[in-house]
Amino acid sequence: MQQILISVSLFSLVYGFPWFQGRIPNGNRVPNPCNRGTWLGVGHLREVGGGNRNIFGQDFFQAGLRWTVNLCEMDSDGDGKTNGEELGDPKCEWYMEATNPVIFNATGHPALAAVVFGFPWFRNDIPNGNNVPDPCSGQTGEIWKGVGHDQAPGGGPRNQFGLDFKGAIFEWTKDLCQKDSDQDGRTNGEELGDPDCTWKKGGTPSAAASGHPGICEPLSDPKCATVNKK
């Protein structure tokens, strides 16, 4: 019995609680805006579930882990569409015991307006995440908000730093800090103001960010021109 409980606990830790999918409309068919699949852990930052909750997951928890009219009418991700509209229940009529619960197909993810603007909360998971300079703007003081993406606002394909960050399970680790994701001769830590790799989430970095860990700099360097085209 103890072994069974341990196995269940580990499954929940890694994959979230899959039975929660049945507590929201289209819970097992929520599209993943990052690819053509589905986002299994609808209430979590990680696609497979487990770990920190996203904003919809927090609202779902506050609603008692049930689909309520209030939760349905909320716009958790602030993208201009209610949670109900994104999950296929625009009139907030769905209930868990319904014999034919799906009114429409899910058209979006209730926590991911981030498909356009990136995941702003990830900026707090790396040193100086809110102050990474934009090397492409040509203007001092411009910030690259989607640090792990090819586009400055975020969203769309990840750059190499974004891929490495995902490989580190979205945590600032010593290994990620010591990597040179953009191959410009400086570690991610050096570019983000944590050259000694001692920064912890919530702390103050030892220096300001001096470069972008996902874009090879300087842009005029022939090597960087090649790297940045990949």
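Residues numbered from 1 in each chain as written. Predicted model: local features only at pLDDT ≥ 70, side-chain atom pairs only at ≥ 80, totals over all residues. Heavy atoms only, no water.

**What about the state of the cysteines?**
Linking two cysteines covalently through their sulfur atoms gives a disulfide.
Okay, step 1: In total, this model carries three disulfides according to the counting rule given.
Okay, step 2: Bridging Cys 177 to Cys 197, the disulfide has an S-S length of 2.1 Å. Judged by the sign of its S-S torsion, about -90°, the cystine formed by Cys 177 and Cys 197 is left-handed. In this pair, Cys 177 is assigned in helix H7 (residues 174–178) and Cys 197 in the loop between helix H8 (188–191) and helix H9 (222–227), connecting sequence segments 20 residues apart.
Okay, step 3: Two residues share a disulfide in this structure: Cys 216 and Cys 224, whose sulfurs sit 2.1 Å from each other. Measuring handedness by torsion sign, the sulfur bridge of Cys 216 and Cys 224 sits at about -60° and is left-handed. The two residues Cys 216 and Cys 224 agree in class, both being buried.
Okay, step 4: Along the protein chain, the cysteines engaged in disulfide bonds are linked according to the scheme 1-2, 3-4, 5-6 when indexed in sequence order. (Disulfide = S-S within 2.5 Å. Helix = DSSP H or I, 4+ residues; strand = E, 2+ residues; numbered from the N terminus. Buried < 20%, exposed > 50% of the residue type's maximum accessible area, 1.4 Å probe, protein only.)

**Looking at the environment of Val 48**
Okay, step 1: The topology assignment puts Val 48 in the loop between helix H1 (2–15) and helix H2 (55–62).
Okay, step 2: For Val 48, a relative accessible area of 31% gives the class partly exposed.

**Examining helix H6 (residues 160–167)**
Okay, step 1: Phe 161, Gly 162, Asp 164 and Phe 165 are the residues of H6 that are buried. Mapping the buried residues of H6 onto a view down its axis gives an arc of 160°, with all of them on the same face.
Okay, step 2: In this structure, the buried residues of H6 make contact with H7 and H8.
Okay, step 3: Between a side-chain oxygen at the N-terminus of H6 and the backbone nitrogen of Phe 161 the separation is 3.1 Å; the capping residue is Asn 159. (Arc of directions from axis to C-beta. Contact = heavy atoms within 4.5 Å. Polar contact = N/O pair within 3.5 Å; in protein donor to acceptor, adjacent residues only side chain to side chain.)

**Focus: the confidence of the model for the protein chain**
Okay, step 1: On average, residues of the protein chain carry a pLDDT of 82, and 82% of them reach 70 or more.
Okay, step 2: Low pLDDT, under 50, characterises residues 1–15; the predicted model gives this stretch 13 contacts beyond four residues in sequence or across chains. (pLDDT = per-residue confidence, 0-100.)

**With respect to the pattern of salt bridges**
Okay, step 1: Going through the model one piece at a time under the given rule, you end up with two salt bridges.
Okay, step 2: Two residues, Lys 179 and Asp 164, come together in a salt bridge whose shortest N-O distance is 3.8 Å. Residue Lys 179 is found in the loop between H7 and H8, and its partner Asp 164 is found in helix H6; the two are separated by 15 residues along the sequence.
Okay, step 3: By relative accessible area, which is 13% here, Asp 164 ends up buried. (Salt bridge = Lys/Arg side-chain N within 4 Å of Asp/Glu carboxyl O.)

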